[in-house]
Amino acid sequence: MKKILAFVLAACMALSLAACGSAPSAESSVPAPSEPASSGEASEPAPGAESDLEYVKANGKMIIGYTVYEPMNYTDANGEFTGFDTELAVAVCKKLGVEPEFIEINWDTKEVELNAKSIDCIWNGLTIDDDRKATMALTDPYVVNAQVVVMKSSAEYTDTSSLAGKAVCAEAGSAGETTIAADENLSQADYISKDVQTSCLMEVAAGTCDAAVLDLTLASSMTGEGTDYADLVIKDRLAEEYYGVAFRKGSDICDAVNAAFGELKADGTMETLAEKYGLSLA
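Residues numbered from 1 in each chain as written. Predicted model: local features only at pLDDT ≥ 70, side-chain atom pairs only at ≥ 80, totals over all residues. Heavy atoms only, no water.

Before going further, it helps to examine unusual backbone geometry. The residue after Glu-70, namely Pro-71, is reached through a cis peptide bond having omega 15°. Of note, Lys-117 is a non-glycine position whose phi angle comes to about 65°, a positive value. Locating Lys-117 in the fold gives a position in the loop between α4 (110-115) and β5 (121-127). (Helix = DSSP H or I, 4+ residues; strand = E, 2+ residues; numbered from the N terminus.)

Below, the structure written as structure tokens:
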């Protein structure tokens, strides 16, 4: 009898410990990013889903494609994944009744990832332009940006003619690359393509590039006094542009996100986030 009682008590204790070990930890307000997306690997379609919005809601999550781009999506000094777009996406997903899942992508193949349903949207300081309007569904503009010329503080600069024949870099597939190609003087520079904008800053800091053409949003937060690139400054402000979130062409999620934007503007959430990250709302 004692042996039986001992066995029962031991079994109860084991179950109790197992329950304690499986207790969920406190959820972070911003989910940690998932592994980078692999081109062409689509998430499993939910049974019976028809429209994009139904598809996302049936899956219970919206897969958000991003690149590391401060202050939009990045990991801060405390190791927390954050940013204006990160926090805004979390707030929008809450209104849509789904969970956000952040996946780092290759910016050069972002449209491929989107159309393959590896991701549900591109939410990462995406510049709205006519080419993208033709191939994707874009939300209303929500942030104002500009392309800027970043150089060492000691470098001489008058206007873009100062860079003709010199080494200038930008992120592949970015608005900076488009600006270089469209500018009469910058198009005569020795153009160097980089995978991300932060690599452009490294090139200029190392002296392997004379200048970089980058987003104002990133350059403002990552250059100048008190940053890792204290010797780099913004020398010129070029084309103004607007950011939007991209979905698959014809996607009905776009209208749902626009409606959420309207609510988050009305209640002051977007303005608070813009002030927090030093941005200007559209």
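On we go from here.
Moving on, we come to the pattern of salt bridges. In the structure shown here, the tally under the stated rule is seven salt bridges. A salt bridge links Glu-101 to Lys-61; its shortest N-O distance comes to 3.0 Å. One end of the pair, Glu-101, is in strand β4 (residues 99-104); the other, Lys-61, is in strand β1 (residues 61-66), and 40 residues separate them in sequence. The salt bridge involving Arg-248 is made with Asp-120; its shortest N-O contact spans 3.2 Å. Of this pair, Arg-248 sits in strand β11 (residues 232-248) while Asp-120 sits in the loop between α4 and β5, placing them 128 residues apart in sequence. For the pair Arg-248 and Asp-120, a shared accessibility class is recorded, and that class is buried. In the salt-bridge network here, residues are joined through shared partners; they are Asp-52, Asp-120 and Arg-248. (Salt bridge = Lys/Arg side-chain N within 4 Å of Asp/Glu carboxyl O. Buried < 20%, exposed > 50% of the residue type's maximum accessible area, 1.4 Å probe, protein only.)

It is worth spelling out the confidence of the model for the chain at this point. Chain-level pLDDT for the chain is 87 on average; 84% of the residues reach the 70-or-more range. With pLDDT under 50 throughout, residues 1-28 is counted as low confidence; its partners more than four residues away or in other chains account for one contact. Contacts for the low-pLDDT stretch residues 37-48, under 50 throughout, to residues beyond four places or in other chains number 29 contacts. (pLDDT = per-residue confidence, 0-100. Contact = heavy atoms within 4.5 Å.)

Under the defined criterion, the tally for this structure stands at six aromatic pairs. A centroid spacing of 6.2 Å and a plane angle of 5° characterise the contact between Phe-84 and Tyr-142, whose relative ring orientation is stacked. Taken as a pair, Phe-84 in helix α3 (residues 84-96) and Tyr-142 in the loop between β6 (136-138) and β7 (143-152) lie far apart in primary sequence, 58 residues in all. Under the relative-accessibility criterion, Phe-84 is labelled buried at 0%. Judged by its relative accessible area of 0%, Tyr-142 is buried. Site record: aromatic cluster; members linked through ring pairs are Phe-84, Trp-123, Tyr-142 and Phe-261. The ring of Tyr-55 is capped by Lys-117, whose NZ or CZ atom sits 3.9 Å from the centre of that ring. (Phe/Tyr/Trp six-rings, centres within 6.5 Å; stacked < 30°, edge-to-face > 60°. Lys NZ or Arg CZ within 6 Å of the ring centre and 35° of its normal.)

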